[in-house]
Amino acid sequence: MENSVSNVRDLKFDIVKAIAIYLVVYGHLLDNFTSTQTYLITFCHMQIFFFVSGYFYNKSIHKYSYKQIVFKKLIGLLVPYLMWSTISYFANITLSLLKNGKDIEIYKIIVNEFIEIFIFSRSVWYLIELFFVMMIFLLFYIISNKLHWNLLLVSLVGWLTISLIIPSNIFAFYKFKWLFPFFLLGYYTNNMKEKLTSFNVLKMQNRILLICGSVYLILGTIFYNKQYFKMYIMFEYIDIPSIFVGGLYYLISICSIFFMFSLANKVKNQKIGKRLSEIGHYTIDIYVLHMFLIKFVIWIPREMTNTMLSFIWLPLYTLIIVVSIFIFSKYIFRKFSIYRLSIGER
């Protein structure tokens, strides 16, 4: 969700980010207000953001010094993480006190919320996880350069080693284990962009759209299993079948990414593509603000969530949230320096 800027901005990246953030908001609404399964959304939304971040990190790592990269990510990711986590911390304490009043021990709420938000990263986990991914990949990059080892091999071995050593719950580190390969894929896709261009990928986009869309939607539905899907998300494989299914789920997620990019290529020169690309500039705003809207502001009557009409109005409701945050962020919030700091802008 970091803003990715180059000399000539490729709209398809912003379009894909806009689609992904819409799915994030929609998925959270479904999780909070319905019992609908969201696995097709979870197969692709956060994977897209890590893929895009890896793609543009390829440029940064060759353009800036190591110190500059670390400083940029501290300001762009860690500071926003701490600011929004602090806001979430005090908001959660206040909400608990309002709900329970005198029937609750304040010190327990203070301690528990601190552990949940700052230790287990229950709030804006994406920011801290992307920070870890970028810093750890930078370490792999430095090691491979110093020792003249293959970067891909160092990255894969390092990722698996770290995944086996570090506990999954601390800083929601299971998400690092789960999403690092998509960041790596984005990084190497940037390396291969000239080769992909020479293969006339644009002329093949209809086939890519059909094949990847079919794999994502059909296989994602056919082979979905709640137990194995949880292992895939939590990166907890216990036997050969779970490893095999996890590999299949990674394939489905990769196909979902290329499906979304093929779709973005189809619409980037159309009016809807231009509108989506504008929203794609503000995905970090939508990410941090929609979570507070859903938790502290938005209330949906239970009877409305259990009707067939929810499949019509809930997507529209999602669109209203996304567009509203986009408008307020563009024309009001980003005028204030403290807010810009909270989203990693200076």
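Residues numbered from 1 in each chain as written. Predicted model: local features only at pLDDT ≥ 70, side-chain atom pairs only at ≥ 80, totals over all residues. Heavy atoms only, no water.

Considering the confidence of the model for the protein
Part 1: Per-residue pLDDT for the protein has a mean of 88; in total, 89% of the residues score no lower than 70.
Part 2: Across the protein, the element-wise mean pLDDT spans from 58 in helix α15 (residues 302–305) up to 97 in helix α6 (residues 125–147). (pLDDT = per-residue confidence, 0-100. Helix = DSSP H or I, 4+ residues; strand = E, 2+ residues; numbered from the N terminus.)

Notes on helix α4 (residues 66–100)
Part 1: The first and last C-alpha atoms of α4 sit 49 Å apart over 35 residues, in line with the 51 Å expected at 1.5 Å per residue.
Part 2: Along its length, α4 reaches its greatest deviation from straightness, about 35 degrees, at L74. (Expected span 1.5 Å × (residues − 1). Bend = angle between axes of the 7 residues up to and from the residue.)

Here we look at the packing of α4 against helix α5 (residues 106–119)
Part 1: Contact geometry for α4 and α5: axes closest at 10 Å, N-to-C directions at 150 degrees. The handedness of the crossing between α4 and α5 is right-handed. Together, Y81, L82, S85, T86, S88, Y89, N92, I93, S96 and L97 of α4 and I106, I109, I110, E113, F114, I117 and F118 of α5 make up the contact between the two elements.
Part 2: Tallied by class, the residues present in the contact of α4 with α5 amount to 11 nonpolar, five polar and one charged. (Axes fitted to C-alpha atoms, helices over the stretch in contact; angles between N-to-C directions. Left-handed = near helix turned anticlockwise from the far one by under 90°. Contact = heavy atoms within 4.5 Å. Nonpolar A, V, L, I, M, F, W, Y, C, P; charged D, E, K, R; others polar.)

Focus: the pattern of salt bridges
Once their charged atoms are close, side chains differing in charge can pair, the charge on each being opposite to the other.
Part 1: Inspection of the entire model under this criterion finds eight salt bridges.
Part 2: We note a salt bridge from K12 to D10, for which the minimum N-O separation is 2.5 Å.
Part 3: Under the relative-accessibility criterion, K12 is labelled buried at 17%.
Part 4: In this structure D10 comes out as partly exposed when scored by relative accessible area, which is 26%.
Part 5: For E278, the salt bridge goes to R275, with nearest N and O atoms at 3.4 Å. In this pair, E278 and R275 both sit in helix α13 (residues 271–280), three residues apart, roughly one turn of the helix.
Part 6: Salt bridges sharing partners connect three or more residues here, namely D10, K12 and K268. (Salt bridge = Lys/Arg side-chain N within 4 Å of Asp/Glu carboxyl O. Buried < 20%, exposed > 50% of the residue type's maximum accessible area, 1.4 Å probe, protein only.)

Here's the deal with the environment of F326
Part 1: Within the fold, F326 resides in helix α16 (residues 310–331).
Part 2: Between the C-alpha atom of F326 and that of Y282, which follows or precedes it by 44 residues, the distance is 6.3 Å.
Part 3: If we skip the residues at most four places from it in the chain, F326 touches E278, I279 and Y282.

Observations concerning the state of the cysteines
Part 1: All told, the structure shown has zero disulfides when counted by the stated rule.
Part 2: The thiol of C255 is not disulfide-bonded; the next cysteine sulfur, from C212, is found 4.5 Å away.
Part 3: Note on C255: relative accessible area 11%, which makes it buried. (Disulfide = S-S within 2.5 Å.)

Section: the packing of helix α11 (residues 226–234) against helix α12 (residues 240–267)
Two packed helices can be described by the angle between their axes and the distance between those axes.
Part 1: At a minimum axis distance of 9 Å, the contact between α11 and α12 shows a crossing angle of 75 degrees. Judged on the interaxial angle alone, α12 and α11 are roughly perpendicular. Of α12, the residues touching α11 (which contributes Y228, F229, M231 and Y232) are P241, S242, V245, G246, Y249, Y250 and S253.
Part 2: Class assignment of the residues belonging to the contact of α11 with α12 gives a composition of eight nonpolar, three polar and no charged. (Parallel < 35°, antiparallel > 145°, perpendicular 65-115°, else oblique.)

Overview of the nonpolar core
Part 1: Of all hydrophobic cores here, the largest spans 101 residues; its most connected members are F50, Y57, Y126, L127, F137, Y232 and M260.
Part 2: For this core, the element with the most residues is α6, which contributes 15 residues.
Part 3: Setting aside residues up to four positions removed in sequence, L127 forms contacts with L77, P80, Y81, I284, Y287 and V288.
Part 4: In this structure, Y89, I93, I117 and F118 belong to the second largest nonpolar core, which totals five residues. (Core = buried A, V, L, I, M, F, W, Y, C linked by side-chain atoms within 4.5 Å.)

Some remarks on α13
An α-helix turns once per 3.6 residues; consequently, residues spaced three or four apart project the same way.
Part 1: Residues of α13 that are buried: G273, S277, I279 and G280. Taken end-on, α13 shows its buried residues confined to a sector of 155 degrees, consistent with a single buried face. (Arc of directions from axis to C-beta.)

Brief notes about unusual backbone geometry
Part 1: The backbone of S121 sits at a positive phi, close to 50 degrees, despite the residue not being glycine.
Part 2: Structurally, the position occupied by S121 is in the loop between α5 and α6.
Part 3: Phi is positive for F235, close to 55 degrees, though the residue is something other than glycine.

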